[in-house]
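As a plain string of letters, each chain reads:
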Amino acid sequence: MKIENPKGTRDFTPTVMRDREYVEKTMSNVLEGFNFEKISTPIFEYSELFELKSGEDIKNRMYTFDDKGGRKLCLRPELTASVARMFSNELRNLPKPLRLYYFGPMFRYEEPQKGRYREFYQLGVELLGVSGVFSDALAIYAACECLKRLGLEFELQINSLGVVRGLLEELGVDDKVSGKLITLLDEGKREGVKEVLDDEIFERLIKISGGKKSLGEAEKVLKGFDKALAALSELRDLAILLDSAGIAYTIDFGIVRGLDYYTGTVFEIRVSGLGAQNQICGGGRYDNLIEVFGGPKTPAVGFAFGFDRVCEALILQSKLKPPEKKVVVVASVSGKSDGYAIKVAGELVRNLSESEFIVDLDVSGRKLKKTLEQASNMGSGWVVIVWEKEEKEKMITLRDMEKNSQKTVT
Ligand code: AMP
């Protein structure tokens, strides 16, 4: 009987996992270099956790179920809410700011297509307990640095939800309508905006995009809307910081994030050529979320990479090149030397663990000649040949596959 994996999920073969591990490690190294520390939270949570603040869009796509005790649970659709919960329950008294990152699978009931899965992976960062654009800039810088370290070419777009929300508030638009507009914008359905809110100023604002001069354009459009202008001034400060830090960006006032909890700076990273699912990273500032989970008022900023899309973008740009491992094959000459061969292989693994070498102990029982052929096919440079008679002297025979020569060594 052949059973397929569920729709929207994937199996990862060793070759694919090697690539994915390399991408994960490269990004984690950058984040740990910036003193972000890794955390992990449950794969399933009480549904309530995400119903509180993650937004309608996420809520409609959740995998929910009742457990045997009648508890309402779900597979996690994202992790910021879990991190906010963890912070409120366990980390609130630690010195701030707290720098956290995570990696793992998320689940959303979506129509699967390239770059969109029901089980997908996110690598995300949360910087908790600090407000202001300096920390926004660090989050954005760290995200860009992860991608640069991988050699990926990408485009960064920034905006402030404070500008968009500020204007809507000053126009007297109620929260429900604002939420609808933000969802439409996030889904890229700009043509639907006019049907919900027929306002010329709002229409003009969300069309502005480009370099720093778009700040001036927005300033003209927003004349008299003080709340929006105050947020715009923060966005200008962020732009200045990114300039000094050497980060290229586009400002786009139509960039909003679908998740309900964002409050200020928002940003997205895209890679051209990926088709409809070209957004590989999204994030922003969420200053009110921790309180929702009973924590103290704690400003925060974070982002999540769509890890699968980062890998797909790297393949697209031919940049997915994990370093090759060098294989040392260990060959046992006869059944009588097998025990010694395991010991030698173990010793090698212990001593080579920090290097680029890996150890392949041939346990097939095939003839030495065949093992050497196999080693040559694997591109192995060295074969350690283990004879029963050499065990007492703690010797091995080391064969240099390139030179086709061998010698006995301790
Ligand atoms: P979000 O949590 O919705 O802000 O998404 C953050 C990032 O996760 C997005 O920019 C995407 O790259 C990625 N992502 C979201 N949903 C999916 C999905 N269904 N499949 C693959 N990647 C996704």
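Note: the structure precedes this text.
Since we're looking at a predicted model, the values are computed, not measured. (Residues numbered from 1 in each chain as written. Predicted model: local features only at pLDDT ≥ 70, side-chain atom pairs only at ≥ 80, totals over all residues. Heavy atoms only, no water.)

Colleague: Could you clarify how one ought to interpret the layout of surface pockets in this entry?
Modeller: Rolled over the atoms, a probe as big as a water molecule pinpoints where empty space is left. Roughly 970 Å³ of volume is contained in the largest pocket. Elements represented by at least two residues in the lining of the largest pocket include exactly α3 (56–60), β6 (119–128), α7 (175–186), β10 (265–270), β11 (279–285), β12 (300–306) and α13 (307–316). Per-element accounting of the lining of the largest pocket gives the leading share, five residues, to β12. Looking at the second largest pocket, its volume works out to about 600 Å³. If you trace the second largest pocket, you find 24 residues lining it, with Lys 53, Arg 165, Asp 175, Gly 179 and Asp 260 closest to the centre. Secondary-structure elements contributing two or more residues to the lining of the second largest pocket are α3, α6 (161–170) and α7. In terms of residues, the lining of the second largest pocket owes the most to one element, α7, which gives six residues. (1 Å grid on protein atoms, 1.4 Å probe; cavity = no way out; pocket = protein on both sides within 12 Å on 5 of 7 lines; lining within 4 Å. Points joined across faces, edges and corners; volume = space filled by probe spheres on them. Helix = DSSP H or I, 4+ residues; strand = E, 2+ residues; numbered from the N terminus.)

Colleague: What exactly am I supposed to notice about the sheet that holds β6 here?
Modeller: In any sheet, the strands associate via hydrogen bonds between backbone groups, in a parallel or an antiparallel arrangement. An order of β1-β5-β6-β12-β11-β10-β7-β9-β8 is seen for the nine strands of this open sheet, with the pairing classed as mixed. At either margin of the open sheet sits one strand with a lone partner, and together these are β1 (37–38) and β8 (209–210). Where strand β5 (residues 98–107) meets β6, ten bridges bridge the pair, whose relative direction is antiparallel. In the sheet register, Met 106 faces β6, and the bridge partner there is Phe 120. (Pairing = 2+ DSSP bridges.)

Colleague: Quick question: what am I supposed to make of the nonpolar core here?
Modeller: Soluble, globular proteins show a tendency: their nonpolar side chains are buried together. If you look at the biggest cluster of nonpolar residues, it comprises 103 residues, and the most contacted ones within it are Val 23, Met 27, Ile 158, Phe 202, Phe 253 and Phe 305. It is helix α5 (residues 133–149) that provides the largest number of residues to this core, a total of nine residues. Grouped together as the second largest cluster of nonpolar side chains are nine residues, Tyr 340, Ala 341, Val 344 and Val 384 included. (Core = buried A, V, L, I, M, F, W, Y, C linked by side-chain atoms within 4.5 Å. Buried < 20%, exposed > 50% of the residue type's maximum accessible area, 1.4 Å probe, protein only.)

Colleague: What should I look at first to understand helix α15 (residues 368–377) in this one?
Modeller: An α-helical segment advances 3.6 residues per turn. Residues three or four places apart therefore align on the same side. Among all positions of α15, only Thr 371, Leu 372 and Ala 375 are buried. Along the long axis of α15, the arc covered by the buried residues comes to 100°, so they all point the same way. The exposed set on the far side of α15, more than 90 degrees from its buried face, consists of Lys 369 and Asn 377. Looking at the buried positions of α15, the neighbouring elements they touch are β13 (326–332), β15 (382–386) and β16 (396–400). (Arc of directions from axis to C-beta. Contact = heavy atoms within 4.5 Å.)

Colleague: I'm lost on the pairing of β10 in this one. Help?
Modeller: Along β10, five of the six residues are buried, which leaves the element largely enclosed by surrounding structure. Two strands pair when backbone bridges link them, and strand β7 (residues 155–160) and β10 are joined in this way by six bridges, in the antiparallel orientation. Directly across from Glu 155, in β10, lies its bridge partner Arg 270. In this structure, β10 lies alongside β11, joined through five bridges in antiparallel fashion. Bridge pairing links Arg 270 to Gln 279 in β11.

Colleague: Can you walk me through the site of the ligand in this structure?
Modeller: As a structural note, the neighbourhood of the ligand is formed by 16 residues, with Arg 108, Glu 110, Tyr 117, Arg 257 and Gln 279 the closest of them. Within the contact set of the ligand, a nitrogen atom lies 2.7 Å away from a side-chain nitrogen or oxygen of Glu 110. For the ligand, an oxygen atom lies 3.1 Å from a polar atom in the side chain of Gln 122. Alone, the ligand offers 490 Å² of accessible surface; in the complex the protein occludes 93% of this. Spatially, the ligand is embedded in the largest pocket. Every element with two or more residues in the shell around the ligand is listed here: β6, β11 and β12. (Near = heavy atom within 4 Å. Polar contact = N/O pair within 3.5 Å; in protein donor to acceptor, adjacent residues only side chain to side chain. Areas by Shrake-Rupley, 256 points an atom, 1.4 Å probe, with all protein chains shown as cover. Sits in = over half its atoms within 2 Å of the grid points.)

Spatial relationships are all this shows, so hold off on functional conclusions.
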